[in-house]
Amino acid sequence: MHTNKNLDVGRLGMDILNILVMAVVKQSPDCKFDRLHGLANSYHELGEMMRHKSVADETYHESQKIAYNVPLFSNELLNKIDQLVFNYGHSLVK
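Calculation rules
Residues numbered from 1 in each chain as written. Predicted model: local features only at pLDDT ≥ 70, side-chain atom pairs only at ≥ 80, totals over all residues. Heavy atoms only, no water. Core = buried A, V, L, I, M, F, W, Y, C linked by side-chain atoms within 4.5 Å. Buried < 20%, exposed > 50% of the residue type's maximum accessible area, 1.4 Å probe, protein only. Helix = DSSP H or I, 4+ residues; strand = E, 2+ residues; numbered from the N terminus. Contact = heavy atoms within 4.5 Å. Phe/Tyr/Trp six-rings, centres within 6.5 Å; stacked < 30°, edge-to-face > 60°. Lys NZ or Arg CZ within 6 Å of the ring centre and 35° of its normal. pLDDT = per-residue confidence, 0-100. Axes fitted to C-alpha atoms, helices over the stretch in contact; angles between N-to-C directions. Parallel < 35°, antiparallel > 145°, perpendicular 65-115°, else oblique. Left-handed = near helix turned anticlockwise from the far one by under 90°. Nonpolar A, V, L, I, M, F, W, Y, C, P; charged D, E, K, R; others polar. Patch = residues over 30% accessible without salt bridge, like charges linked within 9 Å, V, L, I, M, F, W, Y side chains within 5 Å. Areas by Shrake-Rupley, 256 points an atom, 1.4 Å probe, with all protein chains shown as cover. Salt bridge = Lys/Arg side-chain N within 4 Å of Asp/Glu carboxyl O. Arc of directions from axis to C-beta.

**Focus: the nonpolar core**
- Counting 16 residues, the largest nonpolar core has M22, V25, L36, L46 and I66 as the members making the most contacts within it.
- If one sorts the elements of this core by residue count, helix α1 (residues 16-26) sits on top with 5 residues.
- Those residues in contact with L46 that lie beyond four places of it in its chain are V21, V25, L39 and A40.

**Side note on the packing of aromatic side chains**
- Taken as a whole and judged by the stated rule, the model has 0 aromatic pairs.
- Above the face of the F33 ring, K26 is positioned so that its terminal group lies 4.7 Å from the ring centre.

**Considering unusual backbone geometry**
- For D30, which is not glycine, the phi dihedral falls at a positive 60 degrees.
- Relative to the elements of secondary structure, D30 occurs in the loop between α1 and α2 (33-42).

**Notes on the environment of S42**
- Within the secondary structure, S42 sits in helix α2.
- It is 9.3 Å that separates the C-alpha atoms of S42 and Y60, two residues lying 18 residues apart in sequence.

**Here's the deal with the confidence of the model for the protein**
- Looking at the protein, the pLDDT average stands at 77 and 73% of residues meet or exceed 70.
- Looking at the elements of the protein, mean pLDDT is at its lowest for helix α3 (residues 44-49), recorded as 70, and at its highest for helix α5 (residues 75-93), recorded as 90.
- Below a pLDDT of 50 lies the segment residues 1-6, which in the model reaches 6 contacts outside its immediate sequence neighbourhood of four places, other chains included.

**Considering the packing of α1 against α2**
- Viewed as axis vectors pointing N to C, α1 and α2 meet at an angle of 130 degrees, and their least axial separation amounts to 10 Å. The angle between α1 and α2 falls in the class oblique. For the pair α1 and α2, the sense of crossing is right-handed. From α1, M22, V25 and K26 reach across to α2, where they touch F33, L36, L39 and A40.
- Here the contact of α1 with α2 is composed, by residue class, of 6 nonpolar, no polar and 1 charged.

**Focus on a nonpolar patch on the surface**
- A grouping of Y88, L92 and V93 is seen on the molecular surface, where their side chains present a nonpolar patch of about 380 Å² in accessible area.
- In this structure, V93 sits in helix α5.

**Structural notes on α2**
- Of all the residues in α2, the buried ones are L36, H37, L39 and A40. Along α2, the residues classed as buried sweep out an arc of 165 degrees about the axis, all on the same side. Of the exposed residues in α2, those oriented more than 90 degrees away from the buried face are D34 and S42.

Okay, structure coming up:
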């Protein structure tokens with residue numbers, strides 16, 4: 001088991017931004033890990049959110065890495081991130 005925790009690079013070959021984007025997508029209704037795996041590896045827009053270079057980017061997210069890393073972002077943590085982003089956006093508009 002890999003226990004190295006590094007917030008800059010994520011865990012098991014996934015950076016923290018990829019994990020966050022997939023955790024947010026996973027919150028959608030009926031999004032199981034196999035569906036998330038397909039989305040992460042097939043959809044250009046999702047790849048752009050995860051900073052893949054282009055449609056031709058060969059980045060591939062293994063299903064086991066997704067299943068291991070995405071649950072690291074609990075609903076509580078995602079709600080806190082959502083509130084921080086919301087508050088920051090609100091401060092820019094004022």
